[in-house]
Amino acid sequence: MDHMGSDAKAGRLLVATPLLGDPNFRRTVVLIVEHEEVQGTLGVVLNRPSAIGVGQVLEQWMDLATEPSVVFRGGPVAPDTALALALIPGIDEPVGWHALDGTPALARLGLLDLDTPPRLLVPAITSLRVYAGYAGWSPGQLEAEIDEGAWYVLAAQPGDVFAAEPELLWRHVLRRQDGDLAFLATYPDDPAMNLGPVPFARYGGHRARSHHR
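The following refers to the structure shown. None of the values given here were measured: they were computed from a predicted structure.

Now for the overall build of the protein chain. Each helix and strand in the protein chain was counted, giving five helices and 10 strands. Expressed as a percentage of its 213 residues, the buried residues of the protein chain come to 49%. For the protein chain, the proportion of contacts with a sequence separation of at least 24, taken over those separated by at least 6, is 69%. Of the accessible surface of the protein chain, which amounts to about 10300 Å², a share of 54% is contributed by carbon and sulfur atoms.

What follows is the structure, given as structure tokens:
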């Protein structure tokens, strides 16, 4: 079953419920990159492209960036910090790339060290996306927010990370789910326009906290 309740793990998606009103996370799709009981959770927002081209800030990676080749707003924590996700085919682990501890479907997706000379990775990378900042939760915080109805925990697909139309990702991920979740893909941008019952808890906002590694 795609809907995984509160079982947040690396490689899964956090999809904002329609009534999560915090502007930092409204209608976002977040990929969980790390989830540890002691250190907390780190994720990146997948569907917030900026107007800044990768070539403007990381010219050396411009030719490898997947379209749209812009820097994505990964979250409100450390917005001046850049991190990258890259898809690597095959079974080798090239220098500067570290696989996520995620699901088999994302086995070849990993974090890329942007200080690595691109020439060492050009033959290996098939997709690359760069993020400014990330989303961070202290231990137990994310679980509490899920219980309050802020997020759905759903299975990720490789195409989610490198979606060609990221602005449509929130609706696309919900639409492919079973049951009631699929209907939420049509939920209006203004919740006041929804005249039917709301099948989830109202949530006032997200409390992102910085935790550095």
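Moving on, we come to the packing of aromatic side chains. Scanning all chains against the criterion turns up four aromatic pairs. With centroids separated by 5.7 Å and ring planes inclined at 80°, the aromatic side chains of F25 and W151 adopt a geometry described as edge-to-face. Placement of the pair is F25 in the loop between β1 (13–16) and β2 (29–36) and W151 in strand β10 (residues 151–154), with a sequence separation of 126 residues. Here F25 matches W151 in class, with each residue buried. Where W137 meets W151, the ring centres are 6.1 Å apart and the plane angle is 85°; that geometry is what we call edge-to-face. In this pair, W137 sits in strand β9 (residues 127–137) while W151 sits in strand β10, placing the two residues 14 residues apart along the sequence. Both residues of the pair, W137 and W151, count as buried. Aromatic ring contacts, followed pair by pair, group F25, W137 and W151 into a single cluster.

Position of D160 among the secondary structure elements: in helix α3 (residues 158–161). Beyond its immediate sequence surroundings of up to four residues, D160 is in contact with L13, L46, A155, L169, V173 and R176.

Here we take up the pairing of β2. As paired elements, β1 and β2 share three bridges and run antiparallel to each other. Note on β2: the bridge partner recorded for V15 is V29. Note that β2 and strand β3 (residues 40–45) share six bridges and pair antiparallel. Looking across to β3, one finds that H35 is bridged to T41. In textbook terms, the turn of a hairpin is the stretch between consecutive antiparallel strands, and for β2 and β3 this stretch comprises three residues.

Among the nonpolar cores identified, the biggest contains 48 residues, and L14, V15, L31, V44, L46 and W151 are the most heavily contacted of them. When residues in this core are grouped by element, the largest group, five residues, is from β2. V15 has contacts with T28, V29, A150, W151, Y152, L154, W170, V173 and L174, leaving out every residue within four places of it along the chain. W61, L64, A65 and V130 belong to the second-largest nonpolar core, a separate cluster that totals 18 residues.

Moving on, we come to the environment of Q157. Within the element layout of this structure, Q157 appears in the loop between β10 and α3. Judged by relative accessible area, Q157 falls into the partly exposed class, the value being 39%. Those residues in contact with Q157 that lie beyond four places of it in its chain are L106 and R176.

Further remarks concern the pattern of salt bridges. Counting across every chain of the model gives one salt bridge. A salt bridge links D160 to R176, with the shortest nitrogen-to-oxygen separation between them at 2.7 Å. Of this pair, D160 sits in helix α3 while R176 sits in the loop between α4 (169–175) and α5 (180–183), placing them 16 residues apart in sequence.

Rules and cut-offs
- Residues numbered from 1 in each chain as written.
- Predicted model: local features only at pLDDT ≥ 70, side-chain atom pairs only at ≥ 80, totals over all residues.
- Heavy atoms only, no water.
- Helix = DSSP H or I, 4+ residues; strand = E, 2+ residues; numbered from the N terminus.
- Buried < 20%, exposed > 50% of the residue type's maximum accessible area, 1.4 Å probe, protein only.
- Contact = heavy atoms within 4.5 Å.
- Areas by Shrake-Rupley, 256 points an atom, 1.4 Å probe, with all protein chains shown as cover.
- Phe/Tyr/Trp six-rings, centres within 6.5 Å; stacked < 30°, edge-to-face > 60°.
- Pairing = 2+ DSSP bridges.
- Core = buried A, V, L, I, M, F, W, Y, C linked by side-chain atoms within 4.5 Å.
- Salt bridge = Lys/Arg side-chain N within 4 Å of Asp/Glu carboxyl O.

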